[in-house]
Amino acid sequence: MAVKKILKYGEPSLREKSKEVHKVSRKVADLVQDLFDTMYTFNGVGLAAPQIGVNLRVYVIDASTKDNPMKPMVFINPKIIKKSGAVVEDEGCLSFPEAYTPVRRYKNVTVKAQDINGRTFILEAKDGSLLARAIQHEFDHLEGILFVDHCVNRFEADEILKKHNLPPIEEDMLLDEPELEAELEND
Ligand code: NI
């Protein structure tokens, strides 16, 4: 299909809550292809529809690494139905070119979603794997949440954003994550 322009941090529509897909139609299949074409062009691990200006609950992930090849995956109307543990890892986002900062995430997640054929599947991703983190990162995009909202150090994150000519941390969007913090302290 086509490589689309990726919306950058500061674009108001990245903060919108996306709408459910009612039918996995040809139009949705085309959107998924655009997401893959765009994600691979910019070497991303995942890409969510709102990042290319479509506020629908769809994202794609390819969490392959050299040592661990995986199939590209499509998530339509995803729901995170189980989560546990906590990790802190550096993260980035195609809407924040070159900017990376440590964020809190659940270590294990179970997601329920529809695939490109409209079939429901359940997937478990564990041990703070790239897949587990990508599932949470992309899910957030559908809620208008961005990875910097999870940052462990807002001052450090602000410095990084500034260095890459991106807007500063939006203080009212910062997430309070007592559950994750408690898990991290127990480790
Ligand atoms: Ni992202």
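The notes below deal with the structure included here.

Thresholds applied
Residues numbered from 1 in each chain as written. Predicted model: local features only at pLDDT ≥ 70, side-chain atom pairs only at ≥ 80, totals over all residues. Heavy atoms only, no water. Donors = N, O, S within 2.8 Å, 3.2 Å for Na, K, Ca; no water. Helix = DSSP H or I, 4+ residues; strand = E, 2+ residues; numbered from the N terminus. Buried < 20%, exposed > 50% of the residue type's maximum accessible area, 1.4 Å probe, protein only. Phe/Tyr/Trp six-rings, centres within 6.5 Å; stacked < 30°, edge-to-face > 60°. Lys NZ or Arg CZ within 6 Å of the ring centre and 35° of its normal.

**Digging into the coordination of the nickel ion**
- The protein atoms donating to the nickel ion are Cys 93 (SG), His 137 (NE2) and His 141 (NE2), with metal-donor distances spanning 2.1 to 2.2 Å.
- One chain supplies every donor for the nickel ion, spaced along it as C-x43-H-x3-H. Residue Cys 93 is located in strand E4 (residues 87-93), and its partner His 137 is located in helix H2 (residues 130-143); the two are separated by 44 residues in the primary sequence.
- The exposure class of Cys 93 is buried, given its relative accessible area of 11%.
- For His 137, a relative accessible area of 6% corresponds to the buried category.

**With respect to the packing of aromatic side chains**
- Applying the stated criterion across every chain, the model contains five aromatic pairs.
- Centre to centre, the rings of Phe 36 and Tyr 40 are 5.9 Å apart; their planes meet at 15 degrees, and the pair counts as stacked. Residue Phe 36 and its partner Tyr 40 are located together in helix H1 (residues 26-41), separated by four residues, close to a single helical turn.
- According to the relative accessible area criterion, Phe 36 is buried, its value standing at 10%.
- Centre to centre, the rings of Phe 96 and Phe 147 are 4.8 Å apart; their planes meet at 80 degrees, and the pair counts as edge-to-face. Residue Phe 96 is located in strand E5 (residues 96-105), and its partner Phe 147 is located in the loop between H2 and helix H3 (154-163); the two are separated by 51 residues in the primary sequence.
- Given a relative accessible area of 2%, Phe 147 falls into the buried group.
- These aromatic residues form a ring-pair network of at least three members: Tyr 9, Phe 96 and Phe 147.
- The ring of Phe 155 carries the charged tip of Arg 154 above its face, separated from the ring centre by 5.3 Å.

**What about unusual backbone geometry?**
- Despite not being glycine, Asn 43 shows a phi value in the positive range, around 55 degrees.
- Tracing the chain through its elements places Asn 43 in the loop between H1 and strand E1 (46-48).
- When its relative accessible area of 68% is taken as the criterion, Asn 43 is described as exposed.
- The backbone of Glu 98 sits at a positive phi, close to 70 degrees, despite the residue not being glycine.
- Here Glu 98 shows up in strand E5.
- For Glu 98, a relative accessible area of 60% gives the class exposed.

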